[in-house]
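Observations on the model geometry
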Amino acid sequence: SGALTLWLADHPRVRRTVVAMTLTYTLSFMSLLCAPNAVAAGGSAALGWTGLRDTEGVPIAFYFLSLVSVREAATNNGQEVSMIDPSTWMPWMAAAMERAVDNATASWWLGMIAGTFIFIMAAALWFLRFALSTGWLVAIATFALPLYNAVASMVDSMMLGPIAITICVIVAGYHILRGHPGRGWAMLGTAIILTVLLATVFSDPIGDLYSEHGLLALGRGTGLEIAQGAIGAPFASGASMDAKLDALMSHVVTAGVRHPLQVLNFGMVVDDIGGCRQAWSAATMAAGGVDGPGPAHAMTNCGAPQALAYAQRLGGSDATIGLALLVVAIVVAFFYFYVGLTVMLVGIKSLYFGILVGPAFLLGMMGFGRALAFAKHCGTELFMHVVQLMVFEVYLAVSAVGLTWVLTTDALGASTATAIPRVLIMAVAAGVLWPGLRFVDRPFHSDSLGTLGPHITRAPHPRTAALPEDAARSPARGVRARRPPRGAAS
């Protein structure tokens, strides 16, 4: 050190540079030691409205990426330091500075990625549960019942039923007297059939479809039963359908959100290590959705100190796992929202025809061609939409249970050790199930766009969307047909 001092005395420029660097490192390190704890931009605490919980009872709204403070990350930089060896001070300070900068940057990016992943998965799973529940059916029935009663009251006040029967008898008698008895008796037979259908099958279409024990709720329950029986994985056996649905969602939250989040946070799933399952749950519940180092520090006393060490060294390289989870969440959310919106759209269409079927049948009794055709159209469309909605409910339930089976089955190995591969397989399965829905939906439509596709493609062109494609193009075709060929004499 004496020779170094003499050398620095002979080289003033180097001496001033060393002093400036030492002072800069010292001040930077002191500011890092005094800095507040890093806060991840998760934003998942606003998800209490979903009501989703994992199998341990932890709400998904409390999930967050547990990040240690900048001071703790800087002091755990992996560099050896000795108070009696000044040669280790500068390397340790440089490593602390580098680790602190990495931690501050990673805290923001990884926290944002983890919060986005949690939010997308929570929204998708909530929408899945909403589409499989009877809540939206009851909501539609609550809105539709007054409208249905108003239409029925208007039909009664207009005396549409007696008028339709009178006109039917008069027109049928006219045809019989004019020598067309077949046509007259056919009108009477059609009127009798429509009357019987209106008094029996279509007497209360709203209640028969949308009540808690209606046909659509029956389709939902049938779908869950078929799906659970197919994979042999019952959820809340012997309980109500809502309890089974809650149990199903809790398994999806645990395997699809909790375990991947732990892998991103600790490099492993800590639920199977000692008492870390209870320790992580308790620390997350105690935090109440506010980001902090609680779950990371809880790993020290539960038998997983390596998990805390991993959390102290989170950096930019961990963003790869986070981005992969984000892509998976987007794929799964797209599938669930597409199927759920398709189911609800069919439910709204059946509501429309359920309200119109009564007046349409009364108008059809009069025997006029267009009125009778519209009555047949309303009855047929109502029946087909009910069948279609039941098929979609079964498909959605089977898909949900199938994706849950991918996340929880032992056929792919230990569920915790293969958390990330399972999530990737779930994304692939969701990508395969989407064209499967298109295949199931195609028999109900003559085009290849399915139920939801035409409403998306026609939205920017509301005026031309109502016209068939051939009708919209016929004027242009007529102009081209009348145009003389190019080069012909005028």
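Residues numbered from 1 in each chain as written. Predicted model: local features only at pLDDT ≥ 70, side-chain atom pairs only at ≥ 80, totals over all residues. Heavy atoms only, no water.

On inspection of all chains with the given rule, the structure shows one disulfide. Covalently, Cys 276 is tied to Cys 302 through a disulfide, its sulfur atoms 2.0 Å apart. The sign of the 85° torsion about the S-S bond sets the Cys 276-Cys 302 disulfide as right-handed. Here Cys 276 is found in helix H11 (residues 276–287), whereas its partner Cys 302 is found in the loop between helix H12 (294–298) and helix H13 (305–312), with 26 residues between them in sequence. (Disulfide = S-S within 2.5 Å. Helix = DSSP H or I, 4+ residues; strand = E, 2+ residues; numbered from the N terminus.)

For the rest of this paragraph, the subject is the nonpolar core. The biggest cluster of nonpolar side chains holds 105 residues, and the ones touching the most others in it are Tyr 63 and Met 299. For this core, the element with the highest residue contribution is helix H14 (residues 319–364), accounting for 21 residues. Excluding residues that lie within four positions of it along the chain, Met 299 makes contacts with Phe 266, Val 270, Cys 276, Trp 280, Ala 304, Pro 305, Ala 307 and Leu 308. (Core = buried A, V, L, I, M, F, W, Y, C linked by side-chain atoms within 4.5 Å. Buried < 20%, exposed > 50% of the residue type's maximum accessible area, 1.4 Å probe, protein only. Contact = heavy atoms within 4.5 Å.)

With respect to the helices, strands and loops of the structure, Gln 278 is situated in helix H11. In this structure Gln 278 comes out as partly exposed when scored by relative accessible area, which is 48%. Distance from Gln 278 to Ala 298, taken between C-alpha atoms, is 9.8 Å for residues 20 residues apart in sequence.

Positive phi is not limited to glycine here, since Met 159 has a value of about 55°. Position of Met 159 relative to the elements: it lies in the loop between helix H5 (135–157) and helix H6 (160–177).

Attention now goes to the packing of H14 against helix H15 (residues 369–408). Where H14 contacts H15, the axes come no closer than 7 Å and their chain directions differ by 155°. Taken together, H14 and H15 sit at an angle that is classed as roughly antiparallel. In this structure, H14 meets H15 at a crossing whose hand is left-handed. The class makeup of the residues in the contact of H14 with H15 is 23 nonpolar, ten polar and three charged. (Axes fitted to C-alpha atoms, helices over the stretch in contact; angles between N-to-C directions. Parallel < 35°, antiparallel > 145°, perpendicular 65-115°, else oblique. Left-handed = near helix turned anticlockwise from the far one by under 90°. Nonpolar A, V, L, I, M, F, W, Y, C, P; charged D, E, K, R; others polar.)

Checked against the element boundaries, Trp 49 lands in the loop between helix H2 (12–33) and helix H3 (70–75). Expressed as a C-alpha distance, the spacing of Trp 49 and Ala 123, which sit 74 residues apart in the sequence, is 9.7 Å.

Attention shifts here to the pattern of salt bridges. With the rule as written, the count across this model stands at six salt bridges. Ionic pairing is found between Arg 129 and Asp 246, a salt bridge with its closest N-O pair at 2.5 Å. Placement of the pair is Arg 129 in helix H4 (residues 89–132) and Asp 246 in helix H10 (residues 241–266), with a sequence separation of 117 residues. Taking relative accessible area as the criterion, Arg 129 reaches 21% and is therefore assigned partly exposed. (Salt bridge = Lys/Arg side-chain N within 4 Å of Asp/Glu carboxyl O.)

This paragraph deals with the side chain of Thr 50. Assignment of secondary structure puts Thr 50 in the loop between H2 and H3. Excluding anything up to four places from it in sequence, Thr 50 contacts Ile 60, Ala 122 and Trp 126.

The full count for this structure, using the stated rule, is ten aromatic pairs. With a centroid separation of 5.2 Å and an interplanar angle of 80°, the aromatic rings of Trp 49 and Trp 126 are classed as edge-to-face. Taken as a pair, Trp 49 in the loop between H2 and H3 and Trp 126 in helix H4 lie far apart in primary sequence, 77 residues in all. Residue classification places Trp 126 among the partly exposed residues on the basis of a relative accessible area of 28%. (Phe/Tyr/Trp six-rings, centres within 6.5 Å; stacked < 30°, edge-to-face > 60°.)

Attention shifts here to the packing of H5 against H14. Remark: H5 packs on H14, axes separated minimally by 11 Å, with the N-to-C direction vectors making an angle of 15°. Regarding the angle of H5 to H14, the classification is roughly parallel. For the pair H5 and H14, the crossing hand works out as right-handed. Residues Trp 136, Ile 140, Ala 144, Leu 147, Tyr 148, Val 151 and Val 155 of H5 lie in contact with H14, whose contacting residues are Val 343, Met 344, Gly 347, Ile 348, Leu 351, Gly 354, Ile 355, Pro 359 and Leu 362.

Let us look at H14. Its 46 residues place the ends of H14 65 Å apart at the C-alpha level, agreeing with the 68 Å of an ideal helix rising 1.5 Å per residue. Helix geometry: H14 is bent most strongly at Val 357, by close to 45°, with proline Pro 359 lying one to four residues after it. (Expected span 1.5 Å × (residues − 1). Bend = angle between axes of the 7 residues up to and from the residue.)

Moving on: the side chain of His 259. With respect to the helices, strands and loops of the structure, His 259 is situated in helix H10. You can call His 259 buried: its relative accessible area is 7%. Only 3.1 Å separates the side chain of His 259 from the side chain of Asp 271, close enough to count as a polar contact. (Polar contact = N/O pair within 3.5 Å; in protein donor to acceptor, adjacent residues only side chain to side chain.)

Here the focus is a nonpolar patch on the surface. A surface patch of nonpolar side chains, amounting to about 240 Å² of accessible area, comprises Trp 7, Val 14 and Val 18. Summarising the element assignment, Trp 7 is placed in helix H1 (residues 2–10). Judged by its relative accessible area of 40%, Trp 7 falls in the partly exposed class. (Patch = residues over 30% accessible without salt bridge, like charges linked within 9 Å, V, L, I, M, F, W, Y side chains within 5 Å. Areas by Shrake-Rupley, 256 points an atom, 1.4 Å probe, with all protein chains shown as cover.)

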